[in-house]
Amino acid sequence: MAMNQPAPRPEAKPVAVPANPRFSSGPCAKIPTFDLTKLADAPLGRSHRAAPGKAKLAEAIETTREVLGVPADYRIGIVPASDTGAFEMAMWSLLGERPAEMVAWESFGAGWVTDVVKQLKIEAQVHTAEYGEIVDMAALNYDNDVCFTWNGTTSGVRVPTGDVIPADRAGLTLCDATSAAFAQDLPWDKLDVTTFSWQKVLGGEAAHGMLILSPRAVERLESYTPAWPLPKIFRLTKGGKLNEGIFRGETINTPSMLCVEDYLLALDWAKSVGGLEGLIARADANTKAVADFVEAHDWIDFLATDPATRSNTSVCLKFTDDRIADGAAFAKAVAKRLADEGAALDIGAYRDAPPGLRIWCGGTVETADIEAMLPWLEWAFEAEINA
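Residues numbered from 1 in each chain as written. Predicted model: local features only at pLDDT ≥ 70, side-chain atom pairs only at ≥ 80, totals over all residues. Heavy atoms only, no water.

**Student:** So what exactly am I meant to see when it comes to the overall build of the chain here?
**Tutor:** For the chain, the helix and strand inventory stands at eight helices and 14 strands. Against the 2.2 N^0.38 benchmark of 21 Å for 387 residues, the chain shows a C-alpha radius of gyration of 22 Å, consistent with a compact globule. By residue count, 56% of the 387 residues in the chain fall in the buried class. Carbon and sulfur atoms form 51% of the exposed surface of the chain, whose accessible area is close to 15900 Å². Of note, the chain has its 36 positive side-chain charges centred 7 Å away from the centre of its 53 negative side-chain charges. (Helix = DSSP H or I, 4+ residues; strand = E, 2+ residues; numbered from the N terminus. Rg over C-alpha atoms; globule rule 2.2 N^0.38 Å. Buried < 20%, exposed > 50% of the residue type's maximum accessible area, 1.4 Å probe, protein only. Areas by Shrake-Rupley, 256 points an atom, 1.4 Å probe, with all protein chains shown as cover. Lys, Arg positive; Asp, Glu negative; His and termini not counted. Charge placed at Lys NZ, Arg CZ, Asp CG, Glu CD.)

Rendered as C-alpha coordinates:
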(Lines give C-alpha, C1' and ligand atoms only; values in the text may rest on other atoms or scores of the structure.)
Protein backbone atom coordinates (compact mmCIF):
# COMPACT_ATOMS: atom_id res chain seq x y z
CA MET A 1 0.00 0.00 0.00
CA ALA A 2 1.51 3.35 -1.03
CA MET A 3 2.65 5.83 1.61
CA ASN A 4 0.59 8.69 0.12
CA GLN A 5 -2.64 6.72 0.06
CA PRO A 6 -5.30 8.34 2.29
CA ALA A 7 -5.95 6.61 5.58
CA PRO A 8 -8.96 4.29 5.43
CA ARG A 9 -11.99 5.21 7.43
CA PRO A 10 -12.34 3.39 10.73
CA GLU A 11 -14.45 0.31 10.24
CA ALA A 12 -17.58 -0.16 12.33
CA LYS A 13 -17.05 -2.61 15.14
CA PRO A 14 -18.57 -6.02 14.32
CA VAL A 15 -21.44 -7.22 16.46
CA ALA A 16 -21.18 -11.00 16.61
CA VAL A 17 -18.17 -12.64 18.28
CA PRO A 18 -17.09 -16.26 17.89
CA ALA A 19 -18.91 -18.71 20.14
CA ASN A 20 -15.44 -19.96 21.08
CA PRO A 21 -12.67 -17.36 20.62
CA ARG A 22 -9.90 -19.77 21.64
CA PHE A 23 -7.43 -19.90 18.75
CA SER A 24 -4.30 -20.71 20.76
CA SER A 25 -1.71 -22.97 19.12
CA GLY A 26 -1.23 -24.97 22.32
CA PRO A 27 -2.92 -25.88 24.45
CA CYS A 28 -5.52 -25.74 21.70
CA ALA A 29 -9.30 -25.49 21.72
CA LYS A 30 -11.13 -28.39 23.33
CA ILE A 31 -13.43 -30.50 21.19
CA PRO A 32 -16.71 -28.64 20.44
CA THR A 33 -18.74 -31.11 22.52
CA PHE A 34 -16.47 -30.93 25.57
CA ASP A 35 -18.06 -30.98 29.01
CA LEU A 36 -16.32 -31.73 32.29
CA THR A 37 -19.12 -34.09 33.29
CA LYS A 38 -18.10 -36.36 30.43
CA LEU A 39 -14.89 -37.18 32.31
CA ALA A 40 -16.78 -38.74 35.21
CA ASP A 41 -15.62 -42.25 34.28
CA ALA A 42 -11.95 -41.44 34.97
CA PRO A 43 -10.56 -43.85 37.60
CA LEU A 44 -9.38 -41.07 39.90
CA GLY A 45 -7.64 -42.10 43.08
CA ARG A 46 -6.80 -45.48 41.55
CA SER A 47 -3.37 -46.70 40.55
CA HIS A 48 -2.66 -46.50 36.84
CA ARG A 49 -1.29 -50.02 37.28
CA ALA A 50 -4.63 -51.36 38.52
CA ALA A 51 -6.86 -53.07 35.97
CA PRO A 52 -9.10 -50.04 35.22
CA GLY A 53 -6.12 -47.75 34.68
CA LYS A 54 -4.25 -50.22 32.49
CA ALA A 55 -7.38 -50.76 30.41
CA LYS A 56 -7.80 -47.00 29.85
CA LEU A 57 -4.17 -46.56 28.82
CA ALA A 58 -4.34 -49.53 26.43
CA GLU A 59 -7.55 -48.11 24.94
CA ALA A 60 -5.85 -44.74 24.40
CA ILE A 61 -3.01 -46.46 22.54
CA GLU A 62 -5.17 -48.65 20.33
CA THR A 63 -7.71 -45.93 19.52
CA THR A 64 -4.80 -43.69 18.50
CA ARG A 65 -3.70 -46.48 16.16
CA GLU A 66 -7.23 -46.77 14.76
CA VAL A 67 -7.79 -43.07 14.10
CA LEU A 68 -4.31 -42.34 12.70
CA GLY A 69 -4.02 -45.57 10.72
CA VAL A 70 -0.75 -46.56 12.40
CA PRO A 71 0.46 -49.96 11.12
CA ALA A 72 -0.07 -52.93 13.41
CA ASP A 73 3.66 -53.61 13.77
CA TYR A 74 4.45 -50.07 14.96
CA ARG A 75 4.67 -49.54 18.72
CA ILE A 76 2.75 -46.66 20.33
CA GLY A 77 3.70 -45.47 23.80
CA ILE A 78 2.46 -42.81 26.22
CA VAL A 79 5.45 -40.97 27.69
CA PRO A 80 6.04 -37.99 29.99
CA ALA A 81 6.77 -34.32 29.22
CA SER A 82 4.56 -33.81 26.17
CA ASP A 83 5.97 -33.86 22.63
CA THR A 84 9.24 -32.41 23.88
CA GLY A 85 9.76 -35.35 26.22
CA ALA A 86 8.86 -37.86 23.51
CA PHE A 87 11.26 -36.38 20.95
CA GLU A 88 14.07 -35.95 23.49
CA MET A 89 13.59 -39.59 24.52
CA ALA A 90 13.90 -40.69 20.91
CA MET A 91 17.00 -38.62 20.16
CA TRP A 92 18.89 -39.59 23.29
CA SER A 93 18.02 -43.28 22.89
CA LEU A 94 18.47 -43.75 19.13
CA LEU A 95 20.97 -41.25 17.76
CA GLY A 96 24.74 -41.65 17.63
CA GLU A 97 24.97 -44.93 15.73
CA ARG A 98 25.65 -42.92 12.55
CA PRO A 99 25.86 -39.22 11.59
CA ALA A 100 22.71 -37.12 11.69
CA GLU A 101 20.96 -34.74 9.32
CA MET A 102 19.39 -32.00 11.44
CA VAL A 103 16.62 -30.02 9.76
CA ALA A 104 15.16 -26.75 11.09
CA TRP A 105 12.96 -24.02 9.68
CA GLU A 106 11.44 -22.79 12.94
CA SER A 107 12.14 -22.65 16.67
CA PHE A 108 11.39 -26.22 17.75
CA GLY A 109 13.48 -27.73 14.98
CA ALA A 110 16.25 -25.34 16.01
CA GLY A 111 15.97 -26.72 19.54
CA TRP A 112 16.55 -30.26 18.31
CA VAL A 113 19.65 -29.03 16.45
CA THR A 114 21.01 -27.60 19.71
CA ASP A 115 20.44 -30.91 21.51
CA VAL A 116 22.28 -32.97 18.92
CA VAL A 117 25.14 -30.60 18.16
CA LYS A 118 25.83 -29.07 21.57
CA GLN A 119 24.55 -31.64 24.09
CA LEU A 120 24.96 -35.05 22.45
CA LYS A 121 27.82 -33.79 20.25
CA ILE A 122 26.91 -36.12 17.39
CA GLU A 123 28.48 -35.62 13.98
CA ALA A 124 25.75 -33.76 12.13
CA GLN A 125 24.98 -31.86 8.96
CA VAL A 126 22.67 -28.96 9.81
CA HIS A 127 20.11 -27.76 7.24
CA THR A 128 18.15 -24.59 8.01
CA ALA A 129 15.70 -22.25 6.33
CA GLU A 130 14.26 -18.92 7.39
CA TYR A 131 10.76 -18.60 8.86
CA GLY A 132 8.28 -18.96 6.01
CA GLU A 133 10.65 -21.12 3.96
CA ILE A 134 11.42 -24.84 4.12
CA VAL A 135 14.50 -27.01 3.71
CA ASP A 136 14.78 -29.07 0.52
CA MET A 137 13.96 -32.49 1.97
CA ALA A 138 15.09 -34.20 -1.23
CA ALA A 139 18.64 -32.93 -0.70
CA LEU A 140 19.17 -34.80 2.59
CA ASN A 141 21.34 -37.88 3.02
CA TYR A 142 18.91 -40.54 4.24
CA ASP A 143 21.75 -42.97 4.95
CA ASN A 144 22.18 -40.77 8.02
CA ASP A 145 19.55 -40.34 10.73
CA VAL A 146 17.25 -37.43 9.85
CA CYS A 147 15.50 -35.29 12.50
CA PHE A 148 12.80 -32.84 11.41
CA THR A 149 9.45 -31.33 12.26
CA TRP A 150 6.59 -32.22 9.93
CA ASN A 151 4.63 -29.06 10.69
CA GLY A 152 6.47 -26.00 11.97
CA THR A 153 4.11 -24.82 14.69
CA THR A 154 5.86 -21.47 15.03
CA SER A 155 6.27 -20.79 11.30
CA GLY A 156 3.12 -22.21 9.72
CA VAL A 157 5.23 -24.21 7.27
CA ARG A 158 4.76 -27.94 6.76
CA VAL A 159 6.32 -30.75 4.72
CA PRO A 160 4.06 -31.05 1.67
CA THR A 161 4.72 -34.75 1.09
CA GLY A 162 6.91 -37.60 2.27
CA ASP A 163 7.52 -38.86 -1.27
CA VAL A 164 11.17 -37.74 -1.24
CA ILE A 165 12.02 -39.97 1.73
CA PRO A 166 13.44 -43.20 0.23
CA ALA A 167 11.99 -46.54 1.23
CA ASP A 168 15.44 -48.13 1.19
CA ARG A 169 17.04 -45.56 3.52
CA ALA A 170 19.78 -46.82 5.83
CA GLY A 171 19.19 -44.20 8.50
CA LEU A 172 16.18 -43.55 10.67
CA THR A 173 13.73 -40.68 10.24
CA LEU A 174 12.73 -38.96 13.48
CA CYS A 175 9.67 -36.76 12.98
CA ASP A 176 8.26 -34.24 15.44
CA ALA A 177 4.62 -34.27 14.27
CA THR A 178 2.99 -32.55 17.20
CA SER A 179 0.89 -30.05 15.23
CA ALA A 180 0.44 -32.38 12.25
CA ALA A 181 -0.91 -35.61 13.77
CA PHE A 182 -4.72 -35.75 13.41
CA ALA A 183 -4.71 -32.93 10.80
CA GLN A 184 -2.33 -34.13 8.10
CA ASP A 185 -1.89 -37.51 6.44
CA LEU A 186 1.42 -38.82 7.76
CA PRO A 187 3.17 -41.47 5.60
CA TRP A 188 3.97 -44.07 8.23
CA ASP A 189 6.23 -46.11 5.94
CA LYS A 190 8.52 -43.07 5.68
CA LEU A 191 8.63 -42.34 9.43
CA ASP A 192 10.60 -44.42 11.92
CA VAL A 193 9.92 -42.26 14.98
CA THR A 194 6.88 -40.01 15.27
CA THR A 195 6.01 -37.88 18.29
CA PHE A 196 3.14 -35.58 19.24
CA SER A 197 1.23 -34.35 22.26
CA TRP A 198 -2.43 -34.49 23.22
CA GLN A 199 -2.65 -30.72 23.66
CA LYS A 200 -2.43 -29.91 19.96
CA VAL A 201 -4.85 -31.08 17.26
CA LEU A 202 -7.28 -32.90 19.57
CA GLY A 203 -7.22 -30.18 22.22
CA GLY A 204 -6.18 -32.55 24.99
CA GLU A 205 -4.48 -31.66 28.23
CA ALA A 206 -0.77 -30.96 28.52
CA ALA A 207 2.19 -32.96 29.86
CA HIS A 208 1.68 -36.29 28.05
CA GLY A 209 3.53 -37.25 24.88
CA MET A 210 3.05 -39.97 22.29
CA LEU A 211 5.97 -41.94 20.88
CA ILE A 212 5.45 -44.13 17.80
CA LEU A 213 8.23 -46.47 16.70
CA SER A 214 8.62 -48.41 13.45
CA PRO A 215 10.13 -51.91 13.44
CA ARG A 216 13.37 -50.33 12.17
CA ALA A 217 13.49 -48.03 15.20
CA VAL A 218 12.92 -51.00 17.51
CA GLU A 219 15.75 -52.87 15.80
CA ARG A 220 18.07 -49.90 16.42
CA LEU A 221 17.10 -49.75 20.08
CA GLU A 222 17.89 -53.44 20.53
CA SER A 223 21.18 -53.41 18.62
CA TYR A 224 22.75 -50.10 19.67
CA THR A 225 23.68 -48.66 23.05
CA PRO A 226 24.40 -44.90 23.19
CA ALA A 227 27.75 -43.76 24.54
CA TRP A 228 26.10 -41.47 27.08
CA PRO A 229 24.16 -42.41 30.21
CA LEU A 230 20.37 -42.35 29.94
CA PRO A 231 18.18 -41.12 32.79
CA LYS A 232 15.49 -43.53 33.90
CA ILE A 233 12.75 -41.48 32.26
CA PHE A 234 14.39 -41.99 28.81
CA ARG A 235 15.08 -45.74 28.99
CA LEU A 236 13.15 -47.66 26.35
CA THR A 237 14.99 -50.96 26.69
CA LYS A 238 15.50 -53.47 29.45
CA GLY A 239 18.18 -56.15 29.27
CA GLY A 240 18.94 -55.21 25.68
CA LYS A 241 15.34 -55.68 24.55
CA LEU A 242 12.53 -53.18 24.01
CA ASN A 243 10.54 -52.55 27.16
CA GLU A 244 7.25 -53.71 25.64
CA GLY A 245 5.29 -52.67 28.71
CA ILE A 246 5.66 -49.00 27.76
CA PHE A 247 3.76 -49.75 24.55
CA ARG A 248 0.97 -51.56 26.38
CA GLY A 249 0.26 -48.61 28.68
CA GLU A 250 2.71 -49.43 31.47
CA THR A 251 4.04 -45.90 31.50
CA ILE A 252 7.52 -44.94 32.70
CA ASN A 253 6.06 -42.51 35.23
CA THR A 254 2.57 -41.91 36.61
CA PRO A 255 0.12 -40.49 34.06
CA SER A 256 -2.90 -38.37 34.90
CA MET A 257 -5.92 -40.61 34.52
CA LEU A 258 -8.08 -37.50 34.20
CA CYS A 259 -6.00 -36.42 31.19
CA VAL A 260 -6.23 -39.94 29.77
CA GLU A 261 -10.02 -39.80 30.07
CA ASP A 262 -10.01 -36.43 28.32
CA TYR A 263 -7.90 -37.86 25.48
CA LEU A 264 -10.26 -40.82 25.12
CA LEU A 265 -13.18 -38.40 24.90
CA ALA A 266 -11.40 -36.47 22.15
CA LEU A 267 -10.62 -39.67 20.24
CA ASP A 268 -14.29 -40.70 20.38
CA TRP A 269 -15.26 -37.28 19.04
CA ALA A 270 -12.67 -37.64 16.28
CA LYS A 271 -14.28 -40.88 15.16
CA SER A 272 -17.71 -39.20 15.23
CA VAL A 273 -16.61 -36.55 12.70
CA GLY A 274 -15.15 -39.05 10.23
CA GLY A 275 -11.82 -39.98 11.80
CA LEU A 276 -8.62 -38.71 10.25
CA GLU A 277 -10.30 -37.81 6.96
CA GLY A 278 -12.93 -35.78 8.76
CA LEU A 279 -10.37 -34.02 10.95
CA ILE A 280 -8.28 -33.07 7.92
CA ALA A 281 -11.38 -31.72 6.17
CA ARG A 282 -12.27 -29.58 9.19
CA ALA A 283 -8.75 -28.12 9.40
CA ASP A 284 -8.70 -27.48 5.65
CA ALA A 285 -12.04 -25.67 5.82
CA ASN A 286 -10.78 -23.44 8.63
CA THR A 287 -7.61 -22.63 6.73
CA LYS A 288 -9.56 -21.87 3.55
CA ALA A 289 -11.63 -19.30 5.44
CA VAL A 290 -8.42 -17.56 6.45
CA ALA A 291 -6.98 -17.88 2.94
CA ASP A 292 -10.08 -16.30 1.41
CA PHE A 293 -9.73 -13.40 3.86
CA VAL A 294 -6.03 -12.95 3.02
CA GLU A 295 -6.83 -13.00 -0.69
CA ALA A 296 -9.34 -10.19 -0.22
CA HIS A 297 -7.07 -7.90 1.85
CA ASP A 298 -3.76 -6.49 0.65
CA TRP A 299 -2.43 -5.63 4.11
CA ILE A 300 -1.98 -9.20 5.31
CA ASP A 301 -0.35 -12.36 3.96
CA PHE A 302 0.77 -15.84 4.96
CA LEU A 303 4.21 -16.18 6.50
CA ALA A 304 4.66 -19.38 4.44
CA THR A 305 5.87 -18.26 1.03
CA ASP A 306 4.78 -21.36 -0.93
CA PRO A 307 1.08 -22.32 -0.82
CA ALA A 308 2.09 -26.00 -1.01
CA THR A 309 3.86 -25.75 2.34
CA ARG A 310 1.22 -23.74 4.24
CA SER A 311 0.09 -25.39 7.44
CA ASN A 312 -3.58 -26.18 7.94
CA THR A 313 -3.23 -26.02 11.73
CA SER A 314 -0.83 -23.30 12.94
CA VAL A 315 -1.67 -20.64 10.36
CA CYS A 316 0.92 -17.85 10.63
CA LEU A 317 0.21 -14.44 9.13
CA LYS A 318 2.22 -11.23 8.64
CA PHE A 319 1.13 -7.62 8.15
CA THR A 320 2.38 -6.13 4.87
CA ASP A 321 1.11 -2.53 5.03
CA ASP A 322 4.10 -0.20 4.60
CA ARG A 323 2.59 2.35 6.99
CA ILE A 324 3.48 0.03 9.87
CA ALA A 325 6.69 1.32 11.44
CA ASP A 326 7.10 -1.24 14.22
CA GLY A 327 5.81 -4.64 13.12
CA ALA A 328 6.12 -6.31 16.50
CA ALA A 329 4.33 -3.52 18.39
CA PHE A 330 1.60 -3.32 15.75
CA ALA A 331 0.90 -7.06 15.75
CA LYS A 332 0.88 -7.13 19.56
CA ALA A 333 -1.59 -4.23 19.64
CA VAL A 334 -3.92 -5.91 17.13
CA ALA A 335 -3.84 -9.14 19.12
CA LYS A 336 -4.63 -7.22 22.30
CA ARG A 337 -7.62 -5.48 20.70
CA LEU A 338 -8.99 -8.84 19.60
CA ALA A 339 -8.51 -10.35 23.04
CA ASP A 340 -10.05 -7.35 24.81
CA GLU A 341 -13.15 -7.70 22.63
CA GLY A 342 -13.42 -11.46 23.23
CA ALA A 343 -13.01 -12.04 19.49
CA ALA A 344 -9.73 -14.00 19.48
CA LEU A 345 -7.55 -15.16 22.34
CA ASP A 346 -3.83 -15.98 22.23
CA ILE A 347 -3.15 -15.36 18.53
CA GLY A 348 0.11 -13.42 18.75
CA ALA A 349 3.05 -14.86 16.84
CA TYR A 350 5.46 -17.11 18.73
CA ARG A 351 8.12 -15.12 20.58
CA ASP A 352 10.98 -16.28 18.31
CA ALA A 353 9.01 -15.91 15.07
CA PRO A 354 8.70 -12.80 12.88
CA PRO A 355 6.02 -10.32 14.03
CA GLY A 356 2.48 -11.25 13.10
CA LEU A 357 -0.40 -13.45 14.14
CA ARG A 358 -0.86 -17.19 14.55
CA ILE A 359 -4.38 -18.58 14.24
CA TRP A 360 -4.98 -22.20 15.18
CA CYS A 361 -7.13 -23.89 12.54
CA GLY A 362 -7.05 -27.51 13.73
CA GLY A 363 -10.14 -29.70 13.65
CA THR A 364 -11.46 -28.81 17.13
CA VAL A 365 -12.04 -25.25 15.91
CA GLU A 366 -15.39 -24.57 14.23
CA THR A 367 -15.25 -22.85 10.83
CA ALA A 368 -18.11 -20.60 11.94
CA ASP A 369 -15.87 -19.25 14.70
CA ILE A 370 -13.06 -18.51 12.23
CA GLU A 371 -15.56 -16.72 10.00
CA ALA A 372 -16.91 -14.71 12.93
CA MET A 373 -13.39 -13.72 14.03
CA LEU A 374 -12.14 -12.43 10.68
CA PRO A 375 -14.31 -9.25 10.54
CA TRP A 376 -12.90 -8.44 13.98
CA LEU A 377 -9.39 -8.85 12.59
CA GLU A 378 -10.21 -6.32 9.88
CA TRP A 379 -11.68 -3.96 12.47
CA ALA A 380 -8.65 -4.32 14.76
CA PHE A 381 -6.26 -3.64 11.88
CA GLU A 382 -8.14 -0.50 10.80
CA ALA A 383 -8.48 0.72 14.37
CA GLU A 384 -4.78 0.26 15.05
CA ILE A 385 -3.59 1.76 11.75
CA ASN A 386 -5.68 4.86 12.55
CA ALA A 387 -4.80 4.99 16.25
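**Student:** Just to check I follow, could you spell out the packing of aromatic side chains for this structure?
**Tutor:** What characterises a pair of aromatic rings is the spacing of the ring centres plus the angle enclosed by the ring planes. Applying the stated criterion across every chain, the model contains 13 aromatic pairs. Residues Phe 293 and Trp 299 carry aromatic rings whose centres are separated by 5.8 Å and whose planes lie at 80 degrees to one another, so their mutual orientation is edge-to-face. Given a relative accessible area of 3%, Trp 299 falls into the buried group. With a centroid separation of 5.6 Å and an interplanar angle of 80 degrees, the aromatic rings of Trp 376 and Trp 379 are classed as edge-to-face. Here the residue Trp 376 and the residue Trp 379 both occupy positions in helix 8 (residues 367–385), the gap between them amounting to three residues, near one helical turn. The class of Trp 376 is buried, set by a relative accessible area of 2%. A relative accessible area of 9% means that Trp 379 is categorised as buried. Site record: aromatic cluster; members linked through ring pairs are Phe 293, Trp 299, Phe 319, Phe 330 and Phe 381. (Phe/Tyr/Trp six-rings, centres within 6.5 Å; stacked < 30°, edge-to-face > 60°.)

**Student:** Is there a simple way to explain the packing of helix 5 (residues 257–272) against helix 6 (residues 275–296) in this structure?
**Tutor:** The angle between the axes and the distance between the axes are what describe a pair of packed helices. Their axes nearest at 7 Å, the elements helix 5 and helix 6 cross at an angle of 85 degrees. The pairing of helix 5 with helix 6 is recorded here as roughly perpendicular in orientation. Of helix 6, the residues touching helix 5 (which contributes Trp 269, Ala 270 and Lys 271) are Gly 275, Leu 279 and Arg 282. (Axes fitted to C-alpha atoms, helices over the stretch in contact; angles between N-to-C directions. Parallel < 35°, antiparallel > 145°, perpendicular 65-115°, else oblique. Contact = heavy atoms within 4.5 Å.)

**Student:** Would you explain the packing of helix 2 (residues 82–94) against helix 3 (residues 107–119) in this entry?
**Tutor:** Two numbers describe how helix 2 lies on helix 3: the axes approach to 11 Å, and their chain directions differ by 35 degrees. Note on packing geometry: the crossing formed by helix 2 with helix 3 is right-handed. Contact residues: helix 2 offers Asp 83, Thr 84, Phe 87, Glu 88, Met 91 and Trp 92, while helix 3 offers Trp 112, Asp 115, Val 116 and Gln 119. (Left-handed = near helix turned anticlockwise from the far one by under 90°.)

**Student:** For this particular structure, what's the right way to read the sheet that holds strand 14 (residues 357–360)?
**Tutor:** Strand pairing in a sheet relies on backbone hydrogen bonds. The paired strands run either parallel or antiparallel. Strand order in this open sheet of three strands is 12-13-14, and the pairing throughout is antiparallel. Either end of the sheet is taken by a strand with one partner, and the two such strands are strand 12 (300–302) and strand 14. Recorded for the sheet is a direction-independent mean angle of 35 degrees between the axes of neighbouring strands. (Pairing = 2+ DSSP bridges.)

**Student:** What's the story with the nonpolar core in this structure? I'm lost.
**Tutor:** In globular proteins that are soluble, nonpolar side chains generally tend to be buried together. The biggest cluster of nonpolar side chains holds 90 residues, and the ones touching the most others in it are Phe 148, Phe 182, Phe 319 and Leu 377. For Phe 148, the contacting residues outside a window of four places in its chain are Val 103, Met 137, Val 159, Ile 165, Thr 173, Leu 174, Cys 175, Asp 176 and Leu 191. (Core = buried A, V, L, I, M, F, W, Y, C linked by side-chain atoms within 4.5 Å.)

**Student:** How should I be thinking about helix 6 in this particular structure?
**Tutor:** Each α-helix turn comprises 3.6 residues. Residues three or four places apart therefore point the same way. For helix 6, built from 22 residues, the straight-helix expectation of 32 Å at 1.5 Å per residue is met to within 8% by its first-to-last C-alpha distance of 32 Å. On its buried side, helix 6 packs onto helix 1 (51–68), helix 5, strand 12, strand 13 (314–319) and helix 8. (Expected span 1.5 Å × (residues − 1).)

**Student:** Help me understand the sheet that holds strand 9 (residues 208–213), please; the structure alone is not making it clear to me.
**Tutor:** Spatially, seven strands are ordered 1-9-8-7-4-2-3 in an open sheet, and the strand pairing comes out mixed. Edge positions in the sheet fall to strand 1 (75–80) and strand 3 (124–128), since each has one partner strand and no second. The mean inter-strand angle of the sheet, taken between neighbouring strand axes irrespective of direction, is 15 degrees. Across three bridges, strand 2 (residues 100–104) lies against strand 4 (residues 145–149) in parallel orientation. Across the sheet, Ala 100 pairs through a bridge with Asp 145, a residue of strand 4. Strands in contact with helix 1 are strand 1, strand 8 (193–197) and strand 9; relative to strand 1, the strand with the most contacts, it is inclined by about 125 degrees.

**Student:** Help me understand the pattern of salt bridges in this model?
**Tutor:** Opposite charge on two side chains permits them to pair, given that their charged atoms come into close proximity. Under the definition given, this model contains 19 salt bridges. Here Lys 56 makes a salt bridge to Asp 41, at a shortest N to O gap of 2.7 Å. With Lys 56 in helix 1 and Asp 41 in the segment before helix 1, this pair connects stretches of sequence that are 15 residues apart. Residue class for Lys 56 comes out buried when judged on its relative accessible area of 13%. When the shortest N-O distance is used, the salt bridge between Glu 244 and Arg 75 registers 2.6 Å. You can see Glu 244 sitting in the loop between strand 11 (241–242) and helix 5 and its partner Arg 75 sitting in strand 1, a full 169 residues away along the chain. Glu 244 gets classed as partly exposed once you look at its relative accessible area, which sits at 29%. One salt-bridge network, held together by shared partners, links Glu 97, Arg 98, Asp 145 and Arg 220. (Salt bridge = Lys/Arg side-chain N within 4 Å of Asp/Glu carboxyl O.)

**Student:** Teacher, can you tell me more about helix 2 here?
**Tutor:** The first and last C-alpha atoms of helix 2 sit 18 Å apart over 13 residues, in line with the 18 Å expected at 1.5 Å per residue. Among the residues of helix 2, those classed as buried are Ser 82, Asp 83, Gly 85, Ala 86, Phe 87, Glu 88, Met 89, Ala 90, Met 91, Trp 92, Ser 93 and Leu 94. Remark: Gly 96 follows helix 2 within two positions and exhibits a positive phi of approximately 110 degrees.

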